[in-house]
Each structure stands twice: as C-alpha cells, then as structure tokens.
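# Structural description and commentary
Read off the chains here:
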Amino acid sequence: MSRAREDILGKLEAAGGRRPGAPPAPIPPTARIAPRQPAGPETELTQLLTEIGRLNGVTRRLANREALAASLAELVRAEGVKRATCWTTPDLEAWGVAATLQRLGVEIVPGHADKQRVASCELGVTGVDAALPETGTLVLMSSPERPRVASLLPRVHLALLRPVVLRPDLHQVFAETREAGYTVLISGPSRTADIELTLTLGVHGPKSLYVWVMDAV
Amino acid sequence: MNQLPTAINFRSNTRQVPPQMSAAVQKATAKFLGNRAALVDALGNDYWQVLRQAGHDIRLHAITHIAHYLEQAEQAVTRAGGQVHWARDAEEARRILLDIAARHRVKLAVKGKSMATEEIGLNHALQAAGIRVLETDLGEYIVQLKGVGPAHIVVPAFHLSKEEIAALFRDKLGVEAPAEAEKLTQIARMKLREEFLAAEMGISGGNFLVAETGTIVTVTNEGNGRMCTTVPPVHVAVVGIDKVVPDWESLTVLLKLLARSATGQKLSCYTQFISGPPRSAAETGPAEMHLILLDNGRTRILQTPECRETLLCIRCGACLNICPVYNHVGGYAYGYPISGPTGVIFASQILGPKIAGALPFASTLCGACNDICPVKIPITRILLHLRRRVVEGDETEPATAPASLRLGARVGALALGSTGLYRLGSRLLRRMQAPFVSVGWMERVPAPLNRWTMSRPFPAFAADFRQWWRGRHLKARHE
C-alpha cells in the first residue's frame, strides 16, 4: 500500500517538476474573494428568515419562554409528536426545551440511544451554531451535546436560533468551524427533484424544517 | 454502471437512444440553466466572472502543487484519527474497499452518489464478493433497480417517467406504487430507511478534500449523503486525488460556484465537512473512517500540459446542460458514468484512445461548455488535443485512428497547405461531383462519404473563387 503512495506521489512530483518536499508557490490573490458586506442586524435577520421561507422552511420569532412553551405545544399537536430527541447544549437546557416537551407528554430519547429509537422520533430539536442570511443556511456542529442524528433522522427538525449567531459570509463561518471534527450546513428541508423534476421534500432527511428565533430569551 | 466499459462506440450508441430521451433531457437542462441564469443575474455578471476566475485559479494552483497538498491532507486525516489509503488504479481501490468490508464482516453497504465509485465499478465488485450494496440517492436508487447507470451526473433518472418508476417499484419492491412523485419518494424513504439503519458500512465520494485540515466535503440535497456518513459504524470515502484544495478559504469560492452552476441553488441543502471520525465516544457518528485516494490515470492527465486542466472539474454538470450534443443524446450514448463535455475529456484520458477514441469526436466544438464552466476549463482546446492524439498520437499514446483516417487527414492537410494543390483539387472535385448534383445539392454520394448524405444533403461545390473574382473584375471593367 505504501508502494502505491510512493508511486503516485513520485509521478505527481515528476509531472509538476517539483523537488520533493519543496513548499508550493503562494496562492495567487486572484484566487481569493472578499466576503459579503452585511447590512444592519435587523435587515440581516429578516433576510435569513425570508431565504429560509423560500427554501420551504417555516420561521417564527419568539419573545420569551412562555411563547416558546406555547409554540412547542402547538408544534407537538400539529405534527403528532410522541417522541423527540434534543441537543443538550446550555442554551437548550436553559430554555427548558426537553422539560417542556416532557410536560406535553412527549417521550425524550437521548441522541446517543440506539439509532432505531432515535429514528422512531418524530421531532429533533437542535440549536444553531451560525447562520448565513444570503443563502438561508443554518450551521450545526457536532459534540457530545450536539448529536448529529438530531437534525437528520426525525421527520421534523426544529432549530432554535439566537440572533447573535448570524454571520455575513462563509469566510466568518469557516474561521469558526475549520478546526471542528464535523460541521453541516443546512439550507432548507431535505429535497429532491429526481422524479420528473418535481420538487419533493423529505427524501431521507427531515420533511419539515422549523426555525424559531429566540429574540430576547 | 455495473461494469467498466470496453470499447465505446458513440455513433452506434446514439442509435440506441430511446425517442423520449432528448425531450426529457431538454426539459431538465432548460430548467437547470434557467435557475442558474437567474442566480448569476442576481449576483451580477461582473462578479460572477470574478468568481469564475478565482475558481479557476484556486483549482489550477491546487493541481499544480497537488503532491504537496495530498501529503498535507494525508497527515491531517491521520492526525484526526482517519485511515488513508492510496489506490493507483480501479483494481487497487476495489481491493482496499473489499479488505475493509471483510474486516468488518460487512453484508450490507449503503452508498451516496459518487462518480469516483462509478468510475471504479465498485458495485459490481462488492456484489461479486457477496456484499449487498445499495445506491441511496433517489435517482441512483431508481437506475440501480432498473439495472442501468446514471444518465446525468446530477439527476441520474430524469429520463424515466413517474409511470415507469411506479411500475419498477411494483415489480422490484413488491409494493403498491401510485404514479406520483411524492408517494414514490415516500416509498423510497421507507425502504431505504431500514437499509440505512441495518448497513454495516457507508460509502461516499467527496466533492472536495481540504488539505490543511484533512476535511472531506460532501454536497447533497436529499440527506442520503449525511445518512451514509453518519449512521453506519464504518465510513469509507473514495475521493479522486484531483479533489484536493489547499484550505477552507478556497471553499468560499468553490461552494458559491458549485450549487449555482449545478442546480441553480445558492447552496445545496446539505454541505458536510468531515475531519476524521468523531473525537469522543460520546459523539454520534461512525467510529471508523477511511479515505481512499484514487489515482486511476489522473497522474497521466497531469503529465500532458495541454490536458492538465481537465482535472479542474468540480462535477457541476453545467457543461452537460448547455451541450447541444448531450441535449440530443443524453448520458448513455457516452458509455461512461460521466457524460457530456467534461465526461468526454475525462473518460478519453482515463480509458485511453483504444477504448474511448470515439469520444473526443462527440462534440461540435461550439465552445458553449468553455463559457459556462464555473472553473473556466478550456474544454474545446483539450478536445482538439485529444483528437490529435487519436489521429497522430502524442508522447503518452500512439495513434489509434484507422490508417484511412490518418491518410485522409494527411492528404487534407497537404492540399489545404499548398495553393497549387488546393486549386487543382477544387477543380477536380467540381468535375467529379457533376453526376451527383441536382439543383445545387448532392442527395447521395458514394461510400465512405455517404455517411454525411445519409442524414442530410451536401451543398455542391460552388465556382472557383479566383475564377469568379477574375470574371467579376473583367465585367466591371467592361461596364
């Protein structure tokens, strides 16, 4: 196997006329672009929510904990939620998401439980680590408190977002995620146009995406 | 694609194209091109051209210093706890993957859409080893059930009607399937959901490989790519060595170009960044991660300076969508999983002229592909070099064209290069055509030239220009 490595690298070095181990030329400045200039915070947030709406996500702004509890009750009823899995980050704990759901009679399945059980959840609740207004994109990272499956296996994904996580462009997001082990950018619910180009939501990932802004909570 | 191609006969393949193909192709390509144009307009064409130049420059820099960046990526993946394997050819890549599968006693593998695994004929090898392998992209799943390869790199099953797909589902899955996109998608979701949860191995490709952190980037819409790389306990990514980019800043350019050019989305639904397996046992995700770096002829492409830019491709499919030839024949005629202009220049070199010598001629050289390519690959320039390679041979390959074609090309070059021969030839041709001409056109000519007149008449050779000019001049002086 290391023979293969030496063979390939040897041929590449011969093709590039490069001395083994020599550093590459600097990246040309024309290969770089400046990040997008953000508008004011309120405009940016409005743009984010508009873009998410265009991608068939459903957005809502919540003023306080009571509004969150009422919205959760509404969601549980509307989507027929019996089981849910949640991130356990400090934000979600402080907002009391899991506790509220339990009070509504929803069984909470830990993200690290057997994958069959997580897959049987109707709802996955996550936070958002960063967001991009231009593309309506949510950035989610991975950690023991942030199970990757919560935004993937359940039929409904609810993402709770604080306005401070908005970033102007990919440049700023990547500055925060480049050392991370895993990051996913989510732009709208799972989609396909593979059958006669008809847009269909919810192929393998969530069919519904709710994004709630925790304004002053 | 189940098996790797033997000799590709583009001309006879085009005769097998079903009549509904070109209408289906044009419906899809028109939609993608329309979406793309609207987004390019919104950005402004000037800025789009800046982005394209940046995309070209970063990809060219990456493949120019490819050995350096691959070593850097290898170290970073290893540091992150992933295992890196190098595969010189398709055979070696398949063996590495089969070894990993055997070690984990894999019986079922799920696979995201990946042109690299199509290129190495992976499904066939896994099945031969008694491993079930399922395509999980909806379009790929459908064409796999049908037992054929992808007809387009972005929407593989776009040529099948919902009625055909419903019949296929009833036949192969034994379920009641109404001919509605929504219902059919739900059936595929339910069927594949069980398989994702049961699979012991997930296989993916990679849209990019970031050297500085060893990060595999995948871009998908359905979520199957996320499933394959998240749910099974082992993840294997098969990535062409050409996919390497220096750093995350390169991605700020390339991600803006990719989805806009492919489907006319600003970003695809899911863009994943995977640097090794999960860092703690308390995280979800596959415990083991392998990266197979695939050469399979890419080093040879880099050895020919005229063709090097073939490897800039980010597989968006925009050149398929704009190509007049692709729009008439669809993907299958090319006899290779990657079709259209980028497929032609890639496959011609990967497979060599003996197998794919017909492909460089499957083009009108109109150049629309050059203009739409988000990383500015000079596709027609490369095509011309590959045609020359077939006819004359170059430093990497001997000539493979039939002697008659080579002779014809040489005679043509000689005649067009000398004034005397040209004039003699044009006089002779005008004499010789006389029996075939009727009202300025030739409807039928003798073999082998009849290949042209089989599909359309050929205009008769007009009067010799010099003679005509002299005559006109004399006439003018008389008046």
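Let me begin by describing the structure that accompanies this report. (Residues numbered from 1 in each chain as written. Chains lettered and ligands numbered in written order. Predicted model: local features only at pLDDT ≥ 70, side-chain atom pairs only at ≥ 80, totals over all residues.)

### Focus: the overall build of chain A
The number of helices and strands found in chain A is 7 helices and 11 strands. Over its C-alpha atoms chain A spans a radius of gyration of 21 Å, topping by over 25% the 17 Å that the globule rule assigns to 217 residues. In terms of its C-alpha atoms, chain A occupies a principal-axis envelope of roughly 65 × 45 × 45 Å. Within chain A, the fraction of its 217 residues that count as buried is 47%. (Helix = DSSP H or I, 4+ residues; strand = E, 2+ residues; numbered from the N terminus. Rg over C-alpha atoms; globule rule 2.2 N^0.38 Å. Buried ≥ 20, exposed ≤ 12 C-beta atoms within 10 Å, placed from the backbone.)

### Considering the interface of chain B and chain A
Facing 78 residues of chain B, the contacting portion of chain A comprises 63 residues. Note that strand β8 (residues 182–186) of chain A and strand β9 (residues 270–274) of chain B share 5 bridges and pair antiparallel. Across the sheet, residue Thr 183 of chain A finds its bridge partner in β9 of chain B, namely Phe 273 of chain B. (Contact = placed C-beta atoms within 7 Å. Pairing = 2+ DSSP bridges.)

### A look at the nonpolar core
Counting 198 residues, the largest nonpolar core has Ala 109, Val 239, Val 244, Leu 251, Leu 254, Ile 292 and Leu 294 of chain B as its most contacted members. Ranked by residues supplied to this core, first place goes to helix α12 (residues 248–262) of chain B with 9 residues. (Core = buried A, V, L, I, M, F, W, Y, C linked by C-beta atoms within 7 Å.)

### What to know about the sheet that holds strand β4 (residues 201–204) of chain B
Residue and element names in this part refer to chain B. Strand order in the open sheet made by the 6 strands is β1-β10-β7-β4-β2-β3, with parallel pairing throughout. Looking at the sheet topology across the chains shown, the edges are occupied by β1 (83–87) and β3 (132–135). Neighbouring strand axes in the sheet, compared pairwise and without regard to direction, differ in orientation by 20° on average. Taken together, the 3 bridges between strand β2 (residues 108–111) and β4 define a ladder with parallel strand orientation. The residue bridging Val 110 from the neighbouring strand is Gly 202, located in β4. Contacts from helix α5 (residues 90–103) reach β1, β2, β4, β7 (234–240) and β10 (288–294) within the one sheet, and its direction differs from that of β10 by about 170°. (Axes fitted to C-alpha atoms, helices over the stretch in contact; angles between N-to-C directions.)

### A word on the environment of Val 58 of chain A
Residue and element names in this part refer to chain A. Here Val 58 lies in strand β1 (residues 58–62). Exposure remark for Val 58: the 15 C-beta atoms within 10 Å place this residue in the partly exposed category. Distance in space between the C-alpha atoms of Val 58 and Pro 189 is 9.8 Å, their sequence separation being 131 residues.

### What to know about the environment of Lys 354 of chain B
Examined against the element boundaries, Lys 354 of chain B turns out to sit in helix α17 (residues 353–356). Sequence separation between Lys 354 of chain B and Arg 466 of chain B is 112 residues, and the spatial gap between their C-alpha atoms is 43 Å.

### A few points about the sheet that holds strand β4 (residues 123–127) of chain A
Residues and elements named next belong to chain A. Reading across from one edge, β1-β11-β7-β4-β2-β3 is the order of the 6 strands in this open sheet, with parallel pairing throughout. In this open sheet, the two strands that pair with only one neighbour each are β1 and β3 (107–108). Sheet analysis places β4 next to strand β7 (residues 156–161), joined by 5 bridges and oriented parallel. Bridging from a neighbouring strand, Leu 123 pairs with Val 156 of β7.

### Considering helix α2 (residues 41–54) of chain A
All names here are of chain A. Between its first and last C-alpha, α2 extends 20 Å over 14 residues, near the 20 Å set by a 1.5 Å rise per residue. Among all positions in α2, only Leu 45, Leu 48, Leu 49, Glu 51 and Ile 52 are buried. Considered in projection along α2, the buried side chains sweep an arc of 160° and stay on one side of the axis. For α2, the exposed residues set more than 90 degrees away from the buried face come down to Glu 42, Thr 43, Thr 50 and Arg 54. Residues of α2 that are buried sit in contact with β1, β5 (130–132) and β11 (208–214). Once α2 ends, the next one or two residues include Asn 56, with phi positive near 75°. (Expected span 1.5 Å × (residues − 1). Arc of directions from axis to C-beta.)

All we've got here are geometric facts, nothing functional implied.
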